[in-house]
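If you want the building blocks of each chain, they are given just below.
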Amino acid sequence: MNVGVIGTGYVGLVVGACLAETGNRVVCADVDERKINQLRAGRIPIHEPGLEPMVQRNEAAGRLRFTTDVGAAVEASSVVFIAVGTPPDEDGSADLKHVLAVANTIGEHMNDTKIIITKSTVPVGTARMVHDTIAAKTATPFHVCSNPEFLKEGSAVNDFMKPDRVVIGATSEDVKSTLSELYGPFIRTGNPLIFMDIASAELTKYAANAMLATRITFMNQIAELCENVGADVALVRKGIGSDERIGPAFLFPGPGYGGSCFPKDVRALLRTASERSVTLDVLSAVEEGNFRQKKRLGAKVAAVFDDALAGKRIAVWGLAFKAETDDMRESPAIDLVESLLEKGASVQAHDPAAMTNARRIFEDRIAYHDDMYDALEDADALVVVTEWLAFRAPDFQRMKAGLKTPVIVDGRNLYDPDKLRALGFTYRCIGRSA
Ligand code: NAD
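Everything numeric in this text was worked out from a predicted model, so none of it was measured.

So, how was this worked out
- Residues numbered from 1 in each chain as written.
- Predicted model: local features only at pLDDT ≥ 70, side-chain atom pairs only at ≥ 80, totals over all residues.
- Heavy atoms only, no water.
- Helix = DSSP H or I, 4+ residues; strand = E, 2+ residues; numbered from the N terminus.
- Buried < 20%, exposed > 50% of the residue type's maximum accessible area, 1.4 Å probe, protein only.
- Contact = heavy atoms within 4.5 Å.
- Near = heavy atom within 4 Å.
- Polar contact = N/O pair within 3.5 Å; in protein donor to acceptor, adjacent residues only side chain to side chain.
- Areas by Shrake-Rupley, 256 points an atom, 1.4 Å probe, with all protein chains shown as cover.
- Domains from an automatic or database assignment.
- Phe/Tyr/Trp six-rings, centres within 6.5 Å; stacked < 30°, edge-to-face > 60°.
- Pairing = 2+ DSSP bridges.
- Salt bridge = Lys/Arg side-chain N within 4 Å of Asp/Glu carboxyl O.
- Patch = residues over 30% accessible without salt bridge, like charges linked within 9 Å, V, L, I, M, F, W, Y side chains within 5 Å.
- Lys, Arg positive; Asp, Glu negative; His and termini not counted.
- Charge placed at Lys NZ, Arg CZ, Asp CG, Glu CD.
- Buried area = accessible area lost by both parts, 1.4 Å probe.
- Nonpolar A, V, L, I, M, F, W, Y, C, P; charged D, E, K, R; others polar.

1. What to know about the environment of Gly311
Then step 1. By the element assignment, Gly311 lies in the loop between α12 (281–304) and β9 (313–317).
Then step 2. Its relative accessible area of 64% is what places Gly311 among the exposed residues.
Then step 3. Through-space distance from the C-alpha of Gly311 to that of Lys343 is 8.9 Å; in sequence the pair is 32 residues apart.
Then step 4. What Gly311 contacts, discounting residues up to four positions off in sequence, is Gly344 and Ala345.

Here you go:
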């Protein structure tokens, strides 16, 4: 199939590469000229395991190409994915200006019947708006359907290649059969292609992210309670996760959820609910709870030093919002670093992938270290923010030798509290008493 993917970010690039991998001819378009030039030179603008070789392989085979000419990409394709960003507007709703700009371009370049797929996360009613925007520009028949994406940054290629499910909101039988063919290679093991009406597909994506954000926030609040009653959240997690109605995944407390999806999708869903006068107060509580949680790691560091952080040097391991990505959007590390700087501390940080993006945010207000142990030199404490594998079994003796005082505040519960205390560390974590 000739496939166009408009928007070549975390989602568009993965979708394009994976569809090329299964033999389609894919053109990825983006208005960001720098990004497209980088991709044409065989360099991947994001950190995503397995993506670079896949892009290079398919580019070399002539199945994947990149362009800034969105109109030409539309003309060359019979199936067009819209995968541009949907950032939050001032009132929290999803800003659809990029999606509708693409719809406009599609309308202007509708040289043949095409299937237009909204891949971006968009509120209920967007497919209809995309349809109307295109229809205002062309008399050529076309279909619009919704196919929200569930990939996770850090395992995006694997998630797309082996999806738990593929959700498709479509009414036309032609669309259903074309998308069944397109997704066939990815669901050979029997995971379902779930067809539904367009509104349900659009809402499914928000409901999934809101449920996950709720689960995280619930565990973060149980963790806080654990600290106060002398319980251990690691044991409580095991105890509840073994109930098959609950399940063990996504029950780890941490520094609060971040990233480009959960915060904005929770906000957008709340906005949709309030526009329809529907009470979704569980989600308002989640949003507020996560806001507080993102402040707690900084407060834990301050508490170790009786709130006297002026002049202290704090090492930070991990800046990305989660492991295996370079994405810093709404990362809890931003709240932490800003609170440390505000209290007069200096910050020396290391992240295996996110330092380029971190520099755009913190500029020269913090020091950056390519080596995780160098970041510890003469620091009064280490704060672990991201659960990178490299941080999970470090050389504790080397850490102790590097740090000025052996203090670790662990936002991801990576270490064994008893072991660290036996090694002479002052150790603070989440949901386990100090
Ligand atoms: P991103 O910011 O990484 O990429 C979006 C790209 O769209 C950018 O490269 C931008 O230059 C491009 N763009 C903007 N306007 C354009 C236009 N008019 N024409 C062509 N290109 C244009 O965003 P992302 O993280 O890939 O997310 C895209 C969508 O997918 C969002 O709606 C997001 O909520 C959703 N989503 C993201 C993830 C994720 O993990 N990142 C997962 C599932 C769904």
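2. As for the site of the ligand
Then step 1. Around the ligand lies a shell of 26 residues, among which Asp30, Lys35, Thr86, Glu153 and Lys264 are the nearest.
Then step 2. A distance of 2.5 Å is found between an oxygen atom of the ligand and a side-chain nitrogen or oxygen belonging to Thr86.
Then step 3. Within the contact set of the ligand, an oxygen atom lies 3.1 Å away from a side-chain nitrogen or oxygen of Arg329.
Then step 4. Surface burial for the ligand is 88%, taken as the share of its 830 Å² of free accessible area covered by protein chains.
Then step 5. Put simply, the parts of the chain that give the shell around the ligand at least two residues each are α1 (10–21) and α5 (97–108).
Then step 6. Mapping the shell around the ligand onto the domain boundaries places at least three of its residues in each of domain 1 (2–195) and domain 2 (205–293).

3. Things to note about the packing of aromatic side chains
Then step 1. Considering all chains together, one arrives at 10 aromatic pairs under this definition.
Then step 2. For the ring pair Phe160 and Tyr183, a centre distance of 6.0 Å and an interplane angle of 45° mean the geometry is tilted. Pair noted here: Phe160 is in helix α7 (residues 156–161) and Tyr183 is in helix α8 (residues 173–183), with a separation of 23 residues, a long-range link.
Then step 3. Note on Phe160: relative accessible area 3%, which makes it buried.
Then step 4. Centre to centre, the rings of Phe396 and Phe425 are 6.2 Å apart; their planes meet at 70°, and the pair counts as edge-to-face. With a gap of 29 residues between them, Phe396 in helix α15 (residues 396–402) and Phe425 in the loop between α16 (417–422) and β14 (426–428) connect regions that are remote in the sequence.

4. Let's talk about the sheet that holds strand β11 (residues 367–368)
Then step 1. The six strands are arranged β11-β10-β9-β12-β13-β14 in an open sheet whose pairing can be described as parallel. Bordering the open sheet on either side are β11 and β14, each of which pairs with just one other strand.
Then step 2. Where strand β12 (residues 381–384) meets strand β13 (residues 407–410), three bridges bridge the pair, whose relative direction is parallel. Note on β13: the bridge partner recorded for Val384 is Asp410.

5. Regarding the pattern of salt bridges
Then step 1. Per the counting criterion, the structure on display carries 23 salt bridges.
Then step 2. A salt bridge links Glu330 to Arg267; the nearest nitrogen and oxygen atoms lie 3.2 Å apart. Taken as a pair, Glu330 in the loop between β9 and α13 (332–342) and Arg267 in helix α11 (residues 262–275) lie far apart in primary sequence, 63 residues in all.
Then step 3. Overall, Glu330 belongs to the partly exposed group, its relative accessible area being 30%.
Then step 4. Three or more residues are tied together by salt bridges with common partners; here these are Glu224, Glu227, Arg296 and Lys300.

6. Quick look at the environment of Lys35
Then step 1. Here Lys35 is to be found in helix α2 (residues 33–40).
Then step 2. Residue class for Lys35 comes out partly exposed when judged on its relative accessible area of 22%.
Then step 3. The spatial distance from the C-alpha of Lys35 to the C-alpha of Leu270 is 33 Å, given a sequence separation of 235 residues.
Then step 4. Residue contacts for Lys35: discarding those within four places in its chain leaves Thr8, Gly9, Asp30 and Pro45.

7. Quick word on unusual backbone geometry
Then step 1. Positive phi, normally seen in glycine, also occurs at Asp306, with a value near 50°.
Then step 2. Secondary-structure assignment places Asp306 in the loop between α12 and β9.
Then step 3. By relative accessible area, Asp306 is classed as exposed at 70%.

8. Focus: a negative patch on the surface
Then step 1. A cluster of like negative charges, contributed by Asp370, Asp374, Glu377 and Asp378, occupies part of the molecular surface.
Then step 2. Along the chain, the position of Asp378 falls in the loop between β11 and β12.
Then step 3. We classify Asp378 as partly exposed; its relative accessible area is 42%.

9. So, the domain arrangement of the chain
Then step 1. Entries for the chain in the domain assignment read domain 1 (2–195), domain 2 (205–293) and domain 3 (296–428).
Then step 2. Each of domain 1 and domain 3 has a C-alpha centre, and these two points are 37 Å apart.
Then step 3. Here domain 1 and domain 3 share an interface that buries about 690 Å² over both sides, 39% of which is from carbon and sulfur atoms.
Then step 4. Three residues stand out in domain 1 for area buried against domain 3, namely Tyr10, His47 and Glu153, and they jointly supply 71% of the buried area on that side.
Then step 5. In this assembly, domain 1 and domain 3 are joined by one salt bridge.
Then step 6. Close ionic contact of Glu153 with Arg329 constitutes a salt bridge, the shortest N to O distance being 3.8 Å.
Then step 7. For the side of domain 1 that touches domain 3, a count of residues per class yields four nonpolar, two polar and three charged.

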